[in-house]
Amino acid sequence: TGVAFESVAADGTAGVAITTKVTLTFDQDVSGLAAGDVAIGAAYGTPSVTVDGLSALGEGVYELEVSGDWDEGDQILLTPSQDGYRIEPSSRSVTLHADTRTPIALESVTADGTTGTATTTKITLTFDQNVSGLAAGDITLTPGAGADTITAGTLTSLGSGVYELEVSGDWDEAGKATVAVAKAGYTFTPGSIEVTLHADTRTPVAFNSVAADGTAGTSTTTKITLTFDKDITGLAAGDITLTPGAGADTVTAGTLTSLGSGVYELEINGDWDEAGKATVAVGKAGYTFTPASHEITLHRNNSDDPDGPDNPDSPGNPDVGDSRDGGKMPFTGADVFYPLALSAIMLLTGCGLGVWRRRRKQGR
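Residues numbered from 1 in each chain as written. Predicted model: local features only at pLDDT ≥ 70, side-chain atom pairs only at ≥ 80, totals over all residues. Heavy atoms only, no water.

**Here's the deal with unusual backbone geometry**
Here is step 1 of the chain: The step from Glu 88 to Pro 89 runs through a cis peptide bond, and the omega angle for that step is -10°.
Here is step 2 of the chain: As for its position among the elements, Pro 89 is in the loop between strand 7 (86-88) and strand 8 (92-95).
Here is step 3 of the chain: Looking along the chain, the bond that leaves Thr 189 and enters Pro 190 is cis, with omega of -5°.
Here is step 4 of the chain: Mapped onto the fold, Pro 190 is located in the loop between strand 15 (186-189) and strand 16 (192-196).
Here is step 5 of the chain: Backbone geometry places Ala 174, a non-glycine residue, at a positive phi of 70°.
Here is step 6 of the chain: Mapped onto the elements of the fold, Ala 174 is located in the loop between strand 13 (162-171) and strand 14 (176-181).
Here is step 7 of the chain: A relative accessible area of 39% places Ala 174 in the partly exposed class.
Here is step 8 of the chain: The phi torsion at Ser 261 lies on the positive side, around 55°, for a residue other than glycine. (Helix = DSSP H or I, 4+ residues; strand = E, 2+ residues; numbered from the N terminus. Buried < 20%, exposed > 50% of the residue type's maximum accessible area, 1.4 Å probe, protein only.)

**Some remarks on the side chain of Thr 25**
Here is step 1 of the chain: Tracing the backbone through its elements, the reader meets Thr 25 in strand 2 (residues 21-26).
Here is step 2 of the chain: Residue contacts for Thr 25: discarding those within four places in its chain leaves Ala 4, Phe 5, Glu 6, Ser 7, Gly 60 and Val 61. (Contact = heavy atoms within 4.5 Å.)

**Observations concerning the sheet that holds strand 10 (residues 122-127)**
Strand pairs in the sheet, formed through backbone hydrogen bonds, run parallel or antiparallel to each other.
Here is step 1 of the chain: Overall, mixed pairing links the five strands, which are arranged 12-13-10-9-15 in an open sheet. The sheet terminates laterally at strand 12 (147-159) and strand 15, the two strands that pair on one side only. Ignoring strand direction, the axes of neighbouring strands in this sheet form an average angle of 35°.
Here is step 2 of the chain: As paired elements, strand 10 and strand 13 share five bridges and run antiparallel to each other. Opposite Lys 122, over in strand 13, you have Glu 166 as the bridge partner. (Pairing = 2+ DSSP bridges. Axes fitted to C-alpha atoms, helices over the stretch in contact; angles between N-to-C directions.)

**Re the pattern of salt bridges**
Oppositely charged side chains may form a pair once their charged atoms are brought near each other.
Here is step 1 of the chain: A full pass over the atoms with the stated rule returns nine salt bridges.
Here is step 2 of the chain: A salt bridge links Glu 88 to Arg 86; the shortest N-O distance between them is 3.5 Å.
Here is step 3 of the chain: In this structure, the salt-bridge partner of Arg 202 is Asp 200, at a minimum N-O distance of 2.9 Å.
Here is step 4 of the chain: With a relative accessible area of 29%, Arg 202 lands in the partly exposed category. (Salt bridge = Lys/Arg side-chain N within 4 Å of Asp/Glu carboxyl O.)

**Observations regarding the environment of Thr 227**
Here is step 1 of the chain: Inspection of the secondary structure assignment puts Thr 227 in strand 18 (residues 223-228).
Here is step 2 of the chain: Thr 227 sits in the partly exposed class, given a relative accessible area of 21%.
Here is step 3 of the chain: Residues Thr 227 and Leu 259 lie 32 residues apart in sequence; the distance between their C-alpha atoms is 9.8 Å.
Here is step 4 of the chain: When residues no more than four places from it in sequence are discounted, the contact partners of Thr 227 are Ala 206, Phe 207, Asn 208, Ser 209, Gly 262 and Val 263.

**Quick word on the side chain of Thr 221**
Here is step 1 of the chain: The topology assignment puts Thr 221 in the loop between strand 17 (203-212) and strand 18.
Here is step 2 of the chain: Overall, Thr 221 belongs to the buried group, its relative accessible area being 2%.
Here is step 3 of the chain: A polar contact of 2.9 Å, which involves the side chain of Thr 221, links it to the backbone nitrogen of His 299.
Here is step 4 of the chain: Sequence-distant contacts of Thr 221, that is, excluding residues within four places in its chain, are made with Ala 212, Asp 213, Gly 214, Ile 268, Trp 272, Leu 298 and His 299. (Polar contact = N/O pair within 3.5 Å; in protein donor to acceptor, adjacent residues only side chain to side chain.)

**Some points on the sheet that holds strand 14**
Here is step 1 of the chain: Across the sheet, which stays open at both edges, the three strands sit in the order 11-14-16 with antiparallel pairing between neighbours. Of all the strands in the sheet, just strand 11 (139-143) and strand 16 have a single pairing partner and so form its edges. Neighbour-to-neighbour, the strand axes of this sheet turn through a mean angle of 25°, independent of strand direction.
Here is step 2 of the chain: Of the pairings in the sheet, the one linking strand 11 to strand 14 comprises five bridges and is antiparallel in character. Residue pairing for strand 14: Thr 140 is matched across the bridge by Ala 180.

**So, the packing of aromatic side chains**
Here is step 1 of the chain: For the structure on display, the rule yields nine aromatic pairs.
Here is step 2 of the chain: With a centroid separation of 5.8 Å and an interplanar angle of 75°, the aromatic rings of Phe 26 and Tyr 62 are classed as edge-to-face. Of this pair, Phe 26 sits in strand 2 while Tyr 62 sits in strand 5 (residues 61-69), placing them 36 residues apart in sequence.
Here is step 3 of the chain: Three or more aromatic residues joined by ring pairs make a cluster, and in this case those are Phe 207, Phe 228, Tyr 264, Tyr 287 and Phe 289.
Here is step 4 of the chain: If you follow Arg 92 out to its NZ or CZ, it ends over the ring of Phe 5, 5.8 Å from the centre.
Here is step 5 of the chain: The ring of Trp 272 is capped by Arg 300, whose NZ or CZ atom sits 5.0 Å from the centre of that ring. (Phe/Tyr/Trp six-rings, centres within 6.5 Å; stacked < 30°, edge-to-face > 60°. Lys NZ or Arg CZ within 6 Å of the ring centre and 35° of its normal.)

Structure follows, in structure tokens:
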């Protein structure tokens with residue numbers, strides 16, 4: 001029986017997907033055709049091909065399963081034969097495909113940031129080797145549970161197969177995203193990895209101002225007023241850090257009172273000069289403060305200052321001796337004259353009393 005060998009085709013894709021099946025098409029079924037009835041030889045290149053099975057798909061179509069070792073573009077010559085059939089042409093050639101891409105292991109993907117306090121801004125992709133020419137456009141980011149959007153920014157190679165990708169978007173703490181990599185000439189295993197993102201869930205607070213009471217040189221600061229853009233639930237004196245600056249030795253927090261509408265009054269005490277400085281910083285779990293701190297100017301009643309010029313007992317007072325003299329007046333001629341004059345007066349007085357007593361005795 002005459003049979004027309006109409007065509008032969010190989011599956012797979014040039015350079016991307018290896019051939020696993022070859023389809024032979026005749027104009028009619030060839031009864032009893034088996035894998036062993038199809039001879040395979042090299043038509044181009046040096047392919048090594050093994051026939052693993054033959055399946056009849058009906059209406060003269062047969063599918064030949066193949067495996068082996070060949071390069072992209074190698075060709076084989078197929079010659080089917082069967083008793084009782086005259087197949088024309090007797091042979092046809094077909095081009096085989098091979099996956100020529102470089103295999104890459106995508107080992108891990110991690111996100112920076114900290115749970116609830118620092119939002120993810122970068123993800124790190126680690127491969128088993130560098131990927132030549134890898135760009136941000138080769139990376140696909142797909143939002144998952146707890147993430148609305150995630151967008152890729154700049155990609156930086158850190159060497160040894162490690163890449164850092166800037167990301168932005170909208171997601172909750174512990175939101176998920178799938179990171180997939182695809183680039184011509186490479187295969188990646190696995191093709192994607194899911195990563196957990198972090199978000200700063202703290203309430204943002206504007207730290208508007210800090211002001212100290214008191215008046216320069218006449219009234220000592222006893223309270224400072226902190227103003228925020230909103231009330232801060234549970235804010236306590238322990239959440240406020242006071243750091244002495246120029247002209248201040250110590251600044252200590254006392255009682256904190258909420259005045260409402262984001263205004264708080266903090267009692268303070270310590271040791272500082274007039275116009276001494278202090279830094280006031282606020283930190284509380286669940287909140288972020290912008291700016292984180294303010295510098296304030298403190299006041300001091302100079303008469304309250306043991307070293308102040310207005311204190312009558314202060315060495316700095318112009319009416320009090322230099323501190324180098326232990327607080328005594330500077331040495332002058334009066335320090336000699338007055339004691340001598342007093343001694344002279346006492347001597348003369350003593351002589352006068354003596355004369356008076358003698359005369360009184362004589363008068364008796």
